[in-house]
Every structure is written in structure tokens, then in C-alpha cells.
Amino acid sequence: MDVRGLRITLSLCASIVLGLAAAAPAQAAFGMTIDNADPVSTEAGANSDFNLKISFSGLSNTESVRDLTVHLPPGLVGDPTSTPLCSEVQLNADACPDASKIGSTTTSAVLIAVPLTIPGEVFNVQPRTGEPARLGIVLTPPVGAKVILQSAAALRPTDFGLDTILEGIPNTADGLPLRISGIELTLDGAFMRNPTSCGTKTTTADATSYASTTATGSNTFESVNCTALPFSPEFTGNLGSPGHTAQFTKPAQTTVISQDDGEAGLRRAQVKLPADVGGDNPYLSNTCPPANFVAHTCPDASIVGQATAESPLQEEALEGPMALVHNPGGLPLLGLDLEGALALQLYGNLVVSLNGEGELETMVLFNGLPDIPISRFELTLVEDRLNIVGRDLCQPPPFFYTTTFTSFADEVQTGDVQATIDGCPPPVVDPTASLKLNKATSSNPRLRVKVTQGSAFVDEATVKAPPEVNFRDGKYTAKADGAPVPESAIQVSRKEITVAAAPDTEELRIRAGGGGVHVKHSVVPGAELAFSVDVTDLDANHFSLPTPVIAN
């Protein structure tokens, strides 16, 4: 039958249906069942095609589905970075790139009294601000124009699962009543990733008809083999900042947990802070009321740092403030207000206890983290607020964090990680000195000394002679980085030669000869002469450098 013939048939059917409407029996109530909602492979963490089949009942001209929200189980997520994106302009023009296709759909409908099967394609559409993903659906009915729909994704704050929201499903086609009796959807495995936890996973859906009647449905699948997933999170911790390393200062602190793509999700993170590092008790009173935290309106004094989470599912990181949130009857919670496409709010516990030696220990615990791939999770406490140290960060012994990480497969990894300390003054590096005494047993010994800077430029050097050697009238010269030092900067006594270096001297060379060096006749070739060189650098550090030489 051609399209014109189909239209004539539909018109005749419409007349018959309208004529029988008054005598038609009462329809069953609007209802919905989820016949199927599971991945082809139920392996935990697998990339697998996901199939969804929904049927509607009790259909009439008004009791046809208008809005549909599918609540995916936590951990079942889509990756909008897996393909090129289709813009909304391209979608509405039915011009999405083939590479942006991520699935297919089939809609079962009744147009007047004629059942129809409407195929369609699903595309990865550019998400709008604040959305983790958006699906574009292009339906191709056997008659009439193509139907283009969009389904936004949203993260549930309760369990961090994803919802897909489809609104305005049409109930007419070319002006004729259209009733949707079923929807089948397949999303490609390149786009979808299974939960990394095991057990029963439930997909639910809520539907609203054009008569504002609601219906719900659910279906489950079993996620298996979660212990096969790798789990090896890495941790780093940084303490200190310039001017904030001394005892009782309040330095910055940054901790980072990182994971590779494809690992089991991190469900629980427990980090015990190093000994002598904890929270400043008086500052703990600067809390944010829970309602203000939820509304993103915490007072400035309650903000103690910044949180950042990076996910391979998103091009841009989630970022937001870290606040002390009021917790009746206990220590404040650490509230993380992460903003972005996967916006979420997380709460961590501060736990203070005594260890076996009667010392206070502080632990930060985040439990019930979302089963969303996170490649980097960073928390930074800013200076001069919550963080305080009980001893100098720049002095030994080192500071260690103790970590316990638990996956969604209940795999546990523990470890002690040494903190990196920032803000300490650079270590003092000693200058070096070398000395040569040529022709020591002759009548005209010659002395050569080279002093090279350490942490700071050379300011002054003094050559000290051993008991067997004296200095007297002779020829004394010096060069600072190759430039002659004025004679006035060279002072000679019986046992010492002192040279004041020029500014910013890296290398100072001193020479003595012309009868200026006298070695006792008792010195024989091969004897060791215990010269030394005292050096003062521009930081006023003093060094005594033994420089023995062998008489020749």
C-alpha cells in the first residue's frame, strides 16, 4: 500500500473509531511495565550494550504517555566523551554525524486503529550547562515527517544514579490521535559502562500521561564478577607553604587520590593525618547550616578549602568549596560542593581519637562515594583556617599519612605514604675548597686555593696554615669569578690569608708565591700538611673546610 492509500485507510478507521466511541467499554487504567532493562553482559564494570523495553497499557486519546523518566541503577553510566557530539542545531536539522550515533530505538504506537512500528536512531548530543549527557532521538514513522526528541540526563543526589528524562512525547501525527504502546532502546557498549559493584541492580521508570495520570515500573539484573576488576588507587599528600611550616602554624594541605580508567570504583576513603597534624579546635565552631550548604550559600568563615574531582566521562573537572557543615551532637562534617556537569555534594566525617600511646589522631572519612569513574580526587585545605601542625614541618622525623581505601567490590588497600613538605627553606649546601702546594720542599713554594660557593655566594675566605707553614712578605693575588680582587681586599698575617670576595662571587681563587710561603725544612716529600679554609657566605653561614695537602 502506498502512502496515499495508507492515509485514506487511516481516515476511514478514524471515522469508524469516532462513531463507536460512545459505545466503547471503559479502558483499563493507564499503566506501564518494564519488560527488560539489562546489559548484554552483566560483568561488573564492562562496556556492554544496554537494552531497555517498556510497555504501556490502558491507552486512550488522553491516556497516552507524555513524559517518561528512567532511573538507571547507580554505577550504570554513559560516556559522552566516547564519540563526537552532535549539536542541537544539527539534531533538529536531522544532520547528526554518523560518528555521534550511540544506539537505536523502536517505538510501538497505534495511529487511530492501525498499529505502527517506528524505528529510530539515538545520538550523543552536546549537553546543556549542568548536564552530564543528553540524548537525541530521531524517529522515522512510515508516514509524515520525522519526529525529533531530546532526553536530558541528571544525577540523582540521593544515590548518585543517573536519570534520563524524556518530555513531550507526541500524541498526534498529522493531526490524528497517536498512542504510544511501547518503547525499546539499545545504547551501545562503547557509550555505556556497567556498575563496578555486584548484586541486584534495579532500573525504575515513572510515566505521566496526557491526562496527568502516572504509572511506574521496574526491572532488575544481576551484576557479577566485580572482584575481577583491578583496584590500585594512589595517594599523595602535601603539607606546608612559605611562612607556614613552624610549630603551631596553620599551613595549606593537599591530598590527592588517583585511579586509572577501568578500575573498580572507590566506595570508601579513609585517611589518617600524620601525627602532629590536625584541626584547630577553636576554628571548628565556624560551621555552615546544612540548609545553607545544600543551597550553596555557606558563610565565608565556614569555607576551609577547595575540592576538585576529575572524571574520564567529562571534559571539565568538577570543582567547588569545601566547608565545615554543622553536625548536631558531633564534630562538623566536611562538605564538598562540587559543581559542574556531574554536580554533587559529598560529606566527610572528621574523627578524632587517642592512639595506643595516648596521642590524638585525626582521621578524615568519606563513605558512600558515587560509583562514577573518578581519575583524580583532590582536597586542599587553605592556609590560616582549619589545619594546624604541632611541630616544625621542616624537621625530622618525616610525616606519614595512613590510608585505607575500599572498592565497590569490597577490596581493601592500605598503606603509609610520606608527606611532601612545601615551604621549607632550601637546605644549606656547603661550599667546597681545594688547595695545591707546589714545590713545598723548595726555597720558593707556591700555594693555590680554589673556593666554590655552596647555597649562597662566597663573601670571604680565610686560608689557615698548619704549624709547618708560615706566610710572610711575598706576592699574594686573588680573582673573583676571573676578575682581579683589589690588593686592599687581601689581608695576610703569619698564619692566615684572608680575602674579601667581590659581590656575587661563585668562585674565588687565591695564589701565594714569590717568597710569601715558607715551609719548615723539617717537612719531607710525602708529608701531609693540615691546611684548612674558613668560608663565610652571603647568608652569613660559616664553614670550616679541612683541606690537607701532600708535600711534594
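**Some words on the side chain of Arg193**
So, point 1. Within the secondary structure layout, Arg193 lies in strand E12 (residues 192-193).
So, point 2. Of note is the side chain of Arg193, whose polar atom sits 3.2 Å from the backbone oxygen of Gly75.
So, point 3. The contact partners of Arg193, leaving out residues within four places of it in the chain, are Gly45, Ala46, Asn47, Gly75, Leu76, Val77, Asp371 and Pro373.

**Some words on the confidence of the model for the protein chain**
So, point 1. Put simply, the protein chain has an average pLDDT of 92, and 95% of its residues get 70 or more.
So, point 2. Scored below 50 in pLDDT, residues 1-26 shows 17 contacts in the model against residues more than four places distant or in partner chains.

**Topic: the sheet that holds strand E29 (residues 432-438)**
So, point 1. Pairing is antiparallel across the open sheet formed by five strands, whose spatial order is E29-E30-E37-E33-E34. Each edge of the open sheet is held by one strand with a lone partner, namely E29 and strand E34 (483-484).
So, point 2. Alignment of strand E33 (residues 475-480) against strand E37 (residues 507-513), held across six bridges, turns out to be antiparallel. By the bridge assignment for E37, Ala480 is matched with Leu508.

**Remarks on the state of the cysteines**
So, point 1. Considering all chains together, one arrives at four disulfides under this definition.
So, point 2. The disulfide that involves Cys198 links it to Cys226, with 2.3 Å between the sulfurs. Where Cys198 bonds to Cys226 through sulfur, the torsion about that S-S bond is close to -125 degrees, and the disulfide is left-handed. With Cys198 in the loop between E12 and strand E13 (199-209) and Cys226 in the loop between strand E14 (214-223) and strand E15 (234-239), this residue pair connects regions lying 28 residues apart in the sequence.
So, point 3. Here Cys198 falls in the partly exposed class, since its relative accessible area comes to 34%.
So, point 4. By sequence-ordered numbering of the bonded cysteines, the protein chain has its disulfides arranged as 1-2, 3-4, 5-6, 7-8.

**So, the pairing of strand E21 (residues 333-338)**
So, point 1. Among the six residues in E21, six count as buried, and that is most of the element.
So, point 2. Judged by which residues are buried, E21 turns out to be covered on both faces: Leu333, Gly335 and Asp337 on one side and Leu334, Leu336 and Leu338 on the other are all buried.
So, point 3. The sheet contact formed by strand E20 (residues 318-325) and E21 spans four bridges and is antiparallel. Counterpart to Val325 in the pairing with E21 is Leu333.
So, point 4. Between E21 and strand E22 (residues 344-354), which follow one another and run antiparallel, lie five residues, and Gly340 among them has a positive phi close to 150 degrees.

**A word on the side chain of Gln345**
So, point 1. Residue position: Gln345 is located in strand E22.
So, point 2. There is a polar contact of 2.9 Å between the side chain of Gln345 and the backbone oxygen of Phe293.
So, point 3. Within polar-contact distance, the side chain of Gln345 engages the side chain of Asp337 at 3.1 Å.
So, point 4. For Gln345, the contacting residues outside a window of four places in its chain are Phe160, Phe293, Val294, His296, Leu336 and Asp337.

**Focus on the nonpolar core**
Nonpolar side chains tend to gather and get buried jointly when the protein is soluble and globular.
So, point 1. Ranked by size, the top nonpolar core spans 48 residues in total, and within it Val304, Leu324, Leu334, Leu336 and Phe405 carry the most contacts.
So, point 2. Look past the residues within four positions of Phe405 in its chain and what remains in contact with it is Phe231, Pro233, Phe235, Ile257, Leu266, Arg268, Ala269, Gln270, Val271, Glu411, Val412 and Gln413.
So, point 3. Within the second largest apolar cluster, 37 residues are counted, among which are Met32, Ile118, Ile169 and Ala215.

**Section: empty space enclosed by the protein**
So, point 1. Per the counting criterion, the structure on display carries one cavity of 30 Å³ or more.
So, point 2. Of the voids in this model, the largest cavity is the one considered here, and its volume is about 320 Å³.
So, point 3. Lining the largest cavity are 24 residues, with Gln259, Pro370, Ile372, Pro373 and Ile374 positioned closest to its centre.
So, point 4. By residue class, the composition of the lining of the largest cavity is 15 nonpolar, four polar and five charged.

**Re the pattern of salt bridges**
So, point 1. Within the structure shown, the criterion is met by 16 salt bridges.
So, point 2. As a salt-bridge pair, Glu88 and Arg128 come within 2.8 Å of each other at their nearest N and O atoms. Placement of the pair is Glu88 in helix H2 (residues 88-92) and Arg128 in the loop between strand E6 (114-125) and strand E7 (134-139), with a sequence separation of 40 residues.
So, point 3. Residue Asp276 pairs with Arg391 through a salt bridge whose shortest N-O separation is 3.1 Å. Within this pair, whereas Asp276 is found in the loop between strand E17 (266-272) and strand E18 (277-279), its partner Arg391 is found in the loop between strand E25 (387-389) and strand E26 (400-407), the two being separated by 115 residues in sequence.
So, point 4. Three or more residues joined by partner-sharing salt bridges are found here, namely Arg156, Asp159 and Asp163.

What counts, and at which threshold
Residues numbered from 1 in each chain as written. Predicted model: local features only at pLDDT ≥ 70, side-chain atom pairs only at ≥ 80, totals over all residues. Heavy atoms only, no water. Helix = DSSP H or I, 4+ residues; strand = E, 2+ residues; numbered from the N terminus. Polar contact = N/O pair within 3.5 Å; in protein donor to acceptor, adjacent residues only side chain to side chain. Contact = heavy atoms within 4.5 Å. pLDDT = per-residue confidence, 0-100. Pairing = 2+ DSSP bridges. Disulfide = S-S within 2.5 Å. Buried < 20%, exposed > 50% of the residue type's maximum accessible area, 1.4 Å probe, protein only. Core = buried A, V, L, I, M, F, W, Y, C linked by side-chain atoms within 4.5 Å. 1 Å grid on protein atoms, 1.4 Å probe; cavity = no way out; pocket = protein on both sides within 12 Å on 5 of 7 lines; lining within 4 Å. Points joined across faces, edges and corners; volume = space filled by probe spheres on them. Nonpolar A, V, L, I, M, F, W, Y, C, P; charged D, E, K, R; others polar. Salt bridge = Lys/Arg side-chain N within 4 Å of Asp/Glu carboxyl O.

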